[in-house]
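Geometric and topological summary
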Amino acid sequence: MKTYYTGLDVMRGIGIFFVLILHTAFYFYADIYDVDLDNPSLIITLIGFLLMFAGLFAMISGMVHTIQHTRRLETNDQIGVSHLLRSGLILLLIAYLYFLVTGPGIIHFDQRMMDESLFVSLINQGRFQPISLDRLLYVDSLVMLSLNMMLLALVFKILGKRLLKPKTAHLILLFAILFMGLSYIRIPLYGTYLSALDDKQYLTVIMLNMFVNKNNPIFPFFAFALFGSWLALMLRHETRQSMVKKGVTVALVFITLGITGYILAPETMLERMIDPTWYFIMVIQIGLFILLILLALRIDSSTKKQSFVIRFFKRFGVAGLTPFFFESVVSALLFLLINSVIRFAPSIPEAILFGLVLATAWGIFLIFWERHGYRYGIEWLRATCLSRRGHSSKKAILSGDEL
């Protein structure tokens, strides 16, 4: 079975590229605190929607790790589940280092202030801002991916070699659908969580945090990983035509259900509420991301010689965690440098352009870094740690052995 799909890295790379742009646009927009959340402009609504695309990374991750694990099962490699657990734990450490030390701010519109990471606050304020409880408890996209990996390891342990059987794909799909339905419970539980936080009931806070807290908790983001796992098993057992037919059918069902629910729910997306509007956006995204992944898989079968654009985005998919880790610090330093020469208070178009320039600069940097196997980057260090206990497919990809 094929174990590396260029299209998945390209799709992940496109996602990271736009995250870099939108982080900059969102956090450096001069009038960010004055955004009318009741009547947002079209561009603000679009940015708000695109910043909710963490589920795409979850689905790709679930797919990739299922492909790798089934390969290990076929070769009787005994490190499969333990390898995935270690990988998740290392990513969890990276996630907390990122969000506490170099990550983007948390905007508090009501207080008109930005809760910043240590290095970003040092650049913007000239001092280390104390780490807030909000920041410590925040479930960002990297925390979410690490939790999903560990939960997938648990599922794989329970299934054992049954994961190699064709019918298991149906079981995973059923589990994914049920988990997505169960995730509606996040709406009332989030209220319980906030009440516990206000009342300093920290045991309840700790028990609920990873499941319901903002921004990408287990409910519903583990469902995205399970749908990715289902796609991986279909890729293994189905013909491409059959996989596309089943994938499109499931995707259209979720998009239809999501749009129907969204229309009937109140419009509160930009208020960052955990309510039915939020939930049905997640339902729509499951369908949308399935379609995007099916489209991305065509790159492998239809592209004999990869174009510059494909290779540009693929590098972000292979080694984009390092730019992601440092982008807030780099953008803050550049913003400070520009403002030391001229006053730079960007409008939305200017902020997007600023983000586009920075993301493109990261892409150019990756072109040159690729020649050195992305050595000493975040991905390289993580893959090196994992390779000490067995084969690391990520390290092979970084060195170009499977490209």
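Everything here concerns the structure above.
Below: a short report on this structure. (Residues numbered from 1 in each chain as written. Predicted model: local features only at pLDDT ≥ 70, side-chain atom pairs only at ≥ 80, totals over all residues. Heavy atoms only, no water.)

1. Quick look at the pattern of salt bridges
- All told, the structure shown has five salt bridges when counted by the stated rule.
- Across the pair aspartate 34 and arginine 112 runs a salt bridge, and its minimum N-O distance is 2.9 Å. With aspartate 34 in the loop between helix H1 (6-28) and helix H2 (42-50) and arginine 112 in the loop between strand S1 (106-108) and strand S2 (113-115), this residue pair connects regions lying 78 residues apart in the sequence.
- Under the relative-accessibility criterion, arginine 112 is labelled partly exposed at 47%. (Salt bridge = Lys/Arg side-chain N within 4 Å of Asp/Glu carboxyl O. Helix = DSSP H or I, 4+ residues; strand = E, 2+ residues; numbered from the N terminus. Buried < 20%, exposed > 50% of the residue type's maximum accessible area, 1.4 Å probe, protein only.)

2. Some points on the packing of helix H7 (residues 141-159) against helix H11 (residues 218-237)
- In the contact formed by H7 and H11, the axes pass within 10 Å of each other and the chain directions differ by 60 degrees. With respect to each other, H7 and H11 are oriented oblique. Of the two possible hands of crossing, H7 and H11 adopt the one that is right-handed. Of H11, the residues touching H7 (which contributes Met144, Leu147, Asn148, Leu151, Leu152, Val155 and Phe156) are Ile218, Phe221, Phe222, Ala225, Leu226 and Ser229.
- Looking at side-chain class alone, the contact of H7 with H11 contains 11 nonpolar, two polar and no charged residues. (Axes fitted to C-alpha atoms, helices over the stretch in contact; angles between N-to-C directions. Parallel < 35°, antiparallel > 145°, perpendicular 65-115°, else oblique. Left-handed = near helix turned anticlockwise from the far one by under 90°. Contact = heavy atoms within 4.5 Å. Nonpolar A, V, L, I, M, F, W, Y, C, P; charged D, E, K, R; others polar.)

3. A few points about the packing of aromatic side chains
- Evaluated as defined, the whole model comprises 36 aromatic pairs.
- Residues tyrosine 98 and phenylalanine 325 carry aromatic rings whose centres are separated by 5.8 Å and whose planes lie at 45 degrees to one another, so their mutual orientation is tilted. On the criterion of sequence distance, the pair formed by tyrosine 98 in helix H4 (residues 80-102) and phenylalanine 325 in helix H15 (residues 321-341) is long-range, its members being 227 residues apart.
- Classification of tyrosine 98 as buried rests on a relative accessible area of 2%.
- Taken together, Phe17, Phe18, Phe308, Phe312, Phe313 and Phe316 form an aromatic cluster joined through their ring pairs.
- Cation over ring: arginine 186 sits above tryptophan 278, and NZ or CZ is 4.7 Å from the ring centre. (Phe/Tyr/Trp six-rings, centres within 6.5 Å; stacked < 30°, edge-to-face > 60°. Lys NZ or Arg CZ within 6 Å of the ring centre and 35° of its normal.)

4. Things to note about the nonpolar core
- In this structure, Met59, Met63, Phe227, Trp230, Leu231, Ile290 and Ile293 are the most contacted members of the largest nonpolar core, which totals 114 residues.
- Broken down by element, the residue count for this core peaks at 15 residues, all from H11.
- The residues contacting methionine 63, other than those within four sequence positions of it, are Leu8, Gly228, Ser229, Leu231, Ala232, Leu235, Met243, Ile293 and Leu297.
- Counting residues in each nonpolar core, the second largest holds 12 residues, with Ala25, Ile32, Val35 and Ile107 among its members. (Core = buried A, V, L, I, M, F, W, Y, C linked by side-chain atoms within 4.5 Å.)

5. Brief notes about the environment of leucine 8
- Its location among the elements puts leucine 8 in helix H1.
- You can call leucine 8 buried: its relative accessible area is 3%.
- A C-alpha to C-alpha distance of 7.8 Å links leucine 8 and glycine 317, two positions 309 residues apart in sequence.
- Look past the residues within four positions of leucine 8 in its chain and what remains in contact with it is Ile60, Met63, Val64, Ile293 and Leu297.

6. Some points on the environment of leucine 288
- Within the secondary structure, leucine 288 is located in helix H13 (residues 276-302).
- For leucine 288 and valine 64, which are 224 residues apart along the polypeptide, the C-alpha to C-alpha distance reads 18 Å.
- Sequence-distant contacts of leucine 288, defined by excluding residues within four places in its chain, comprise Phe53 and Ile255.

7. Points about the side chain of arginine 382
- Structurally, arginine 382 can be placed in helix H17 (residues 378-387).
- Lacking a salt bridge, the buried arginine 382 has glutamate 379 as its closest oppositely charged neighbour, with an N-O distance of 7.6 Å.
- Beyond its immediate chain neighbours, meaning those up to four positions away, arginine 382 contacts Ser87, Ile90, Leu91, Ile94 and Met149. (Lys, Arg positive; Asp, Glu negative; His and termini not counted.)

8. Points about the environment of isoleucine 367
- Within the element layout of this structure, isoleucine 367 appears in helix H16 (residues 348-370).
- The spacing of isoleucine 367 and phenylalanine 316 is 51 residues in sequence and 9.8 Å in space, taken between C-alpha atoms.
- Among all residues touching isoleucine 367, those that are not within four sequence positions of it are Phe308 and Arg315.

9. Topic: a nonpolar patch on the surface
- On the surface, Ile131, Leu133, Leu136, Tyr202 and Ile206 cluster together into a nonpolar patch covering about 470 Å² of accessible area.
- Put simply, the parts of the chain that give the nonpolar patch at least two residues each are helix H6 (133-137) and helix H10 (202-212).
- Its place among the elements puts leucine 136 in helix H6.
- With a relative accessible area of 41%, leucine 136 lands in the partly exposed category. (Patch = residues over 30% accessible without salt bridge, like charges linked within 9 Å, V, L, I, M, F, W, Y side chains within 5 Å. Areas by Shrake-Rupley, 256 points an atom, 1.4 Å probe, with all protein chains shown as cover.)

10. Focus: unusual backbone geometry
- Residues lysine 214 and asparagine 215 are joined by a peptide bond in cis, for which omega reads 15 degrees.
- Considering the arrangement of structural elements, one finds asparagine 215 in the loop between H10 and H11.

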